[in-house]
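Residue strings, one per chain:
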Amino acid sequence: MSPEPKAPGADLAALRRRLAGTRGRVYWRSLEEVARSPSFLAWLEGEFPGLVGAIDPGLDRRRFLQVMAASFAFAGLAGCGPEPETRYLVPQVEAPEGIVPGVPRHFATATMLDGFAEGVIVKHVDGRPIKIEGNPQHPASLGATSPWGQASILGLYDPDRSQAVIRAGGSSTWERFSSLILERREQWQRDGGKGLRLLTGTMTSPSFAAQIAELRRRYPEARWHQWDAANRDAAQSGAMIAYGRPLDILLDLDKADVILAVESDMLSSAPGHLRYARHFAARRRAAEVGARMSRVYAIESAPTLAGSMADHHFLLRPEEIVMTLFAIAGALHALPDQGYGAAAPPWAAAVARDLQQHRGAALVHVGGDQPAIAHALAHLINDSLAAPGATLRHIDPVALEAGDQLGALTDLVSAMNAGAVDTLFILGANPVFTVPADLGFAEALKRVHISVHLGEYFDETAAACQWHVPETHEYEAWSDARAFDGTATILQPQVRATHSRRSVHEIMGLLLGQLSPDAYQIVRGYWQGEAEKPGEADFASFWTQSVRDGLVAGSSAKPVEATTLPDLGARLRPPLSARSQAPTILFRPDAAVWDGRFANNGWLQEMPRPHTTLTWDNAAIMSPATASRFGLADENVIELRDDQNTLHAPVLVLPGIAPDCVLLPFGEGRSKGGAVGVGVGFDAYLLRRSDGLRQRSGVSLRKIEGKWRLALRQHHQMMAGRPIVRTGDLDSFLRDAEFLHKEEAEERKRHGEVEASLYPRRAYDGNAWAMAISLDSCIGCGACVLACQAENNLAVVGKEEVLRGHEMHWLRVDRYYSGSPDDPETLFQPVPCMHCEDAPCEVVCPVQATVHDSDGLNLMVYNRCVGTRFCSNNCPYKVRRFNFFDFTAKDPRPRESWNPDVTVRARGVMEKCTYCIQRIREAKILADRENRPIREGEVKTACQQACPTEAIVFGDKNDEASAVSKRKASPLDYALLDGLNTRPRTTYAARLYNRNPELAEG
Amino acid sequence: MAGLGPGSNLAMKVGLIVVLGGTALLLVLIWPIPWFDYNTQISLVQPQPVPFSHKHHVAGLGLDCRYCHTAVEVSASAGIPPIETCMTCHSQIWTNAEILSPIRKAYASGIPVHWRRVNTLPDYVYFNHSIHIAKGVGCTTCHGPVETMSLTWKGQSLFMSWCLDCHRNPGPKLRPVDKVFDPFWKRGPNTPPPDELVKVNHVVTTGLTDCSTCHR
């Protein structure tokens, strides 16, 4: 066992000493690595940590060998003779039209996060949806997907989804439920719906809006409330302060030369983030094609993806962020300057000057986790920078009745407490879990006469309601939704709903008196009503076109003119805030399971969260300095207590959190709602209050006994002490584009490395598949990891196995830090298989299970592999994954959801990235059938297709016109561990920083 | 070695010869077992719910392979015909035949008949029909003389070595692309020589023996 880690105070000091003793830019992966803590070294010594516990203690070596010998003998016997099992061919009785067995079909629809649509295309094989891709025509996708979009297909097949109508714990039927509602209707008709309340998540659906309007017309006393735990109230309140009305902002990041990102979610989760990421990254790569690179400043209290892309990153406490915005606004004369500059950090003036110099090409973006006043200040600054119309646009809010979700929810809870709510419909939301603890939603729910929950899972809210109706998945029902820019998508079901599952529209139809509501009729009826307005004669073709394309043409919102209120600058005052001794708690949605809705999704639970690389958990995350102030270290358990609740949480020390702040991601800690998510992490909602949704103080922190193991992917696959990530400054690049290659040559000379090989060089005359990954573009979102998981049938292994380093992701996103541990810069580096031309793994395989093909790919032949793991030992990049157990057999996912084009690997087999060989082969067969070469762009790897920033480019490097050849021709292109002469096919483009000379450090 | 006696040397020699010779003999006897039809299942007729005769439908009636196996030119799988394909004719002829009752029952009930697989490959082999058809590999080249099969049997071993024989040297197994579906085709005096067929049919010979051609 490894010794208990020392208090990080000592480690931190050691770490600073070690960093101080180095020259130049040094990259480090984790605090433990750089401090060389004893626990870390102990970890490194053990080749397979935790293996001892994995072996059955009742099985000694002798007995084990006996059993194995017998098994081999019988296996040998079974090997002779024909396959004993009879296989059957089961034809269809009547062939459905358009399905050719084995040929995939694609259907457009959308996936949603907090009501906002992301256009997707669902791939079907033999009638079964198996993979999600982005819809290139859809403005919010542009062909890319978010991790949630990728994982949505697993949600569709989740066996834990609720299947029956349940009344007070016992099973019931839809008929009984609907007759009850139809009975209630008579009363609502009499009293105008007094006491009828609806609670949903954020809605953008036009059909739902029409249904709500109809409901209000019939029952004028009925009320509708919306609640999402990660709602965008603050942005709307900010717009109310600045413009006197709610507004949405659309960013045109391709036009922005200077960006100030204030804990910005523009690249991670804000509506439209995939599109923003695409445009953002294009400007980050601009220097390579001779265009102008953008400059990004980030100020934040908790790490964001935008912050890790910044040229200048400033870590500030929440109240300092607001003060800094005041200072910048003051310096820009956007508001009467009352000496704010003096209270702000010195660099604020330089940032303001840079913004000012790029008037008309600059913008400030404030993330949804920031308070309303920060949003209002951003509007003010943007206005003075002439950003509206240039780098951003205003539109009317896309979300229905956007504004004050918290206020509406508070109204609802007080009405419930007052006994004024007779019937409450909770449609597709989980308020018992997500409502701030001080509102006491669960208690209030007991005073409601009839409570109905429509949800995909039998979750916390379902258990607290009298009725539970299973909800359709977004791929199971007709619906519609709008994207960030108002573009509407008609969602078409990908499979037929089973188990009396109903959609929101159908429940609404029931409320409106339809005896057998049908979502198709409701949605189609709405659009027919829309289309029959003058000019839209042929509805059938409009409908077909819209459903097929996955969007309604011309439905995006028109920009509106908005001017800031005249006295705004004078009205804004910095809030008074006293810094207390107790830590400030920051509440942020979990990067994978969001507000808890994806908690039962194994892919998302096992996705290493950006920055922390944490899987299967959330943690109380704090900076090294804060941790040492409280005497805490990784995996310590702390007790957080306020006057109402107490919770226990593991500590995770992470550079890049503001001083004296503790970041609590909410969404984990589910108590109901599926076998995967229950019992993972802790419930941070217990401390969330309605007056402190994103941050609060008044929480006492105390270390308690115990250890909470955290399944971090951080230390696995170390690549210590070598130039793995390369960076440079834009200035040096512009002076000498070849600066990086010169550096490399120097290193080689210094290490005495020569480019020579004992192996004869092989020519690859056909296709030479290769990949180029731009570190300038990778934002670390993790969409590629999940796309790979979905495409290549990667198994989910669970927390225990991740702790042992047995995770199966073929593609990992490594995280590197540089600079001081108090406010470091972050870099992300996706690492798939390098497909070395001289592959070290191949020469050590005793059974030739990993070999090259004629296109130069390094491939696994699973049926040859005997599991010696020599290849993994000899891989310098550590990209090979081994099936230590029969992970795939244990996977609860139904068989029909696996990708039929990829072998499902069994226990004892090595596997790794194949560059999506099944896609290459499919394209090759198609091209070969037509007697032509494969065209550029015909093969896309799953990671490349999902990547929102086009950081990953794949293609034929023999084709000089291909995108990958152009990327590789860049002077920034370099190979990982070049000195090993492995000649990798995957190469990287170094990251450039566009530093402000005024702020350049010595 | 006093205890073993004078004849021990000879006994040892004879013993060794018997053991080694026996082992060698056993190996020689066992060696060809994989190629026995018992193992390869070549010519083995499986009991089927309906004794479907390819001989009658192909040679007798002259149905094209693609009438039933519709996907063979565009998909990895050739496609097994839906019951309604049978019923296109058998709703008109042999409507009361006893042997066709499983078909009629399936059509009426919606529960399909279960055919036993005759040709089957392991799950880690990704065979694609369409590319073989496109490059001039005839149906009967792999499936045997289907036009003579009153009951369907397996025509070839489908061993990997058998696949590789052709992937290493495809020419001799090719035929003109327009003859792929002709079950009676034989190499004749006017047939182009193998090397020319490789060219005419645009067979790309590099990479045909890559593992990834069939295993992914």
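**Remarks on the overall build of chain B**
Part 1: Looking only at helices and strands, chain B features 10 helices and one strand.
Part 2: Tracing chain B from N to C terminus, the helices and strands come up as α-α-α-α-α-α-β-α-α-α-α.
Part 3: Its C-alpha atoms give chain B a radius of gyration of 25 Å, clearly above 17 Å, the size a compact globule of 216 residues would have.
Part 4: Along the three orthogonal principal directions, the C-alpha set of chain B runs to about 90 × 50 × 40 Å.

**Observations regarding the interface of chain B and chain A**
Part 1: Contact residues are listed per partner, giving 38 residues for chain B and 38 residues for chain A.
Part 2: Only α5 (83–90), α6 (101–109), β1 (115–116) and α7 (129–134) of chain B provide two or more residues apiece to the side of chain B that touches chain A.
Part 3: The element that contributes the greatest number of residues to the side of chain B that touches chain A is α7 of chain B, accounting for three residues.

**Here we look at the packing of α5 of chain B against α6 of chain B**
Residue and element names in this part refer to chain B.
Part 1: For the pair α5 and α6, interaxial distance at closest approach is 10 Å and the crossing angle is 115 degrees. In this structure, the crossing between α5 and α6 has a hand that is left-handed. Between α5, through I83, E84, C86, M87 and H90, and α6, the contact on the second element is made entirely by I103, A106 and Y107.
Part 2: Classifying every residue of the contact of α5 with α6 gives six nonpolar, one polar and one charged.

**Here's the deal with helix α33 (residues 917–929) of chain A**
Residue and element names in this part refer to chain A.
Part 1: Over its 13 residues, α33 runs 18 Å from end to end, which matches the ideal 18 Å to within 8%, given 1.5 Å per residue.
Part 2: All buried positions along α33 are accounted for by I917, Q918, R919, I920, R921 and K924.
Part 3: Packed against the buried residues of α33 are β31 (769–774) and β35 (858–860).
Part 4: Immediately beyond the C-terminal end of α33, within one or two residues, lies N931, with a positive phi of roughly 55 degrees.

**Brief notes about the nonpolar core**
Part 1: Ranked by size, the top nonpolar core spans 271 residues in total, and within it A261, V262, L377, A620, V651, L664 and C784 of chain A carry the most contacts.
Part 2: The greatest single-element share of this core, amounting to nine residues, is contributed by helix α12 (residues 318–331) of chain A.
Part 3: V262 of chain A has contacts with I299, I321, L325, V364, H365, V366, G367, Q370, A374 and A378 of chain A, leaving out every residue within four places of it along the chain.
Part 4: Formed by 11 residues, the second largest nonpolar core is a distinct cluster that contains A78, V137, L174 and L197 of chain B.

**With respect to the environment of R991 of chain A**
All names here are of chain A.
Part 1: Relative to the assigned elements, R991 resides in strand β41 (residues 991–993).
Part 2: The sequence separation of R991 and S690 amounts to 301 residues, and the corresponding C-alpha distance is 42 Å.
Part 3: What R991 contacts, discounting residues up to four positions off in sequence, is T727, L775, D776 and L827.

**A look at the environment of N601 of chain A**
Residue and element names in this part refer to chain A.
Part 1: Inspection of the secondary structure puts N601 in the loop between β21 (584–589) and α24 (602–606).
Part 2: Sequence spacing of N601 and L305 is 296 residues, and the spatial spacing of their C-alpha atoms is 22 Å.
Part 3: Apart from residues no more than four positions distant in its own chain, N601 is found in contact with A151, L154 and G155.

**Some thoughts on the pairing of β21 of chain A**
Residue and element names in this part refer to chain A.
Part 1: Most of β21 sits out of view: six of its six residues are buried.
Part 2: Taking every second residue as pointing to the same face, both faces of β21 are buried, with T584, L586 and R588 on one and I585, F587 and P589 on the other.
Part 3: As paired elements, β21 and strand β26 (residues 661–666) share six bridges and run parallel to each other. Counted as the bridge partner of T584 is C661 from β26.
Part 4: Bridge count for β21 against strand β27 (residues 695–696) is two bridges, and the pairing is antiparallel. Across the sheet, the residue bridging to I585 is R696, located in β27.

**Focus on the sheet that holds strand β40 (residues 986–989) of chain A**
All names here are of chain A.
Part 1: Here four strands make up an open sheet; going across it, the order is β38-β31-β40-β39 and the pairing mixed. Every other strand in the sheet has two partners, leaving β38 (952–956) and β39 (973–974) as the edge strands with one partner each.
Part 2: With two bridges connecting them, β39 and β40 associate as antiparallel partners. Across the sheet, D973 pairs through a bridge with A989, a residue of β40.

**Let's talk about the pairing of β31 of chain A**
All names here are of chain A.
Part 1: Burial analysis of β31 places six of its six residues in the buried class, the great majority of the element.
Part 2: As paired strands, β31 and β38 are joined by five bridges and run antiparallel to one another. When the bridges of β38 are listed, W769 appears paired with D956.
Part 3: In terms of strand pairing, β31 meets β40 through four bridges, oriented parallel. By the bridge assignment for β40, A772 is matched with T987.

**Observations regarding the confidence of the model for chain A**
All names here are of chain A.
Part 1: When the pLDDT values of chain A are averaged, the result is 87; 90% of them are 70 or greater.
Part 2: Contacts of residues 47–58 to residues separated by more than four positions or lying in other chains number eight contacts, the stretch itself having pLDDT below 50.
Part 3: A low-confidence stretch, residues 75–81 stays under pLDDT 50, and its non-local contacts, those more than four residues away or across chains, total two contacts.

**Re the environment of P650 of chain A**
Residue and element names in this part refer to chain A.
Part 1: Mapped onto the fold, P650 is located in strand β25 (residues 646–653).
Part 2: Overall, P650 belongs to the buried group, with 22 C-beta atoms counted inside 10 Å.
Part 3: Excluding residues that lie within four positions of it along the chain, P650 makes contacts with D617, A619, A620, E635, V637, W708 and L710.

**Observations concerning the sheet that holds strand β17 (residues 450–455) of chain A**
Residues and elements named next belong to chain A.
Part 1: The seven strands are arranged β7-β6-β18-β17-β16-β8-β9 in an open sheet whose pairing can be described as mixed. Edge positions in the sheet fall to β7 (170–171) and β9 (223–226), since each has one partner strand and no second.
Part 2: Where strand β6 (residues 166–167) meets strand β18 (residues 467–470), two bridges bridge the pair, whose relative direction is antiparallel. Bridge pairing links R167 to W467 in β18.

Rules used in this analysis
- Residues numbered from 1 in each chain as written.
- Chains lettered and ligands numbered in written order.
- Predicted model: local features only at pLDDT ≥ 70, side-chain atom pairs only at ≥ 80, totals over all residues.
- Helix = DSSP H or I, 4+ residues; strand = E, 2+ residues; numbered from the N terminus.
- Rg over C-alpha atoms; globule rule 2.2 N^0.38 Å.
- Contact = placed C-beta atoms within 7 Å.
- Axes fitted to C-alpha atoms, helices over the stretch in contact; angles between N-to-C directions.
- Left-handed = near helix turned anticlockwise from the far one by under 90°.
- Nonpolar A, V, L, I, M, F, W, Y, C, P; charged D, E, K, R; others polar.
- Expected span 1.5 Å × (residues − 1).
- Buried ≥ 20, exposed ≤ 12 C-beta atoms within 10 Å, placed from the backbone.
- Core = buried A, V, L, I, M, F, W, Y, C linked by C-beta atoms within 7 Å.
- Pairing = 2+ DSSP bridges.
- pLDDT = per-residue confidence, 0-100.

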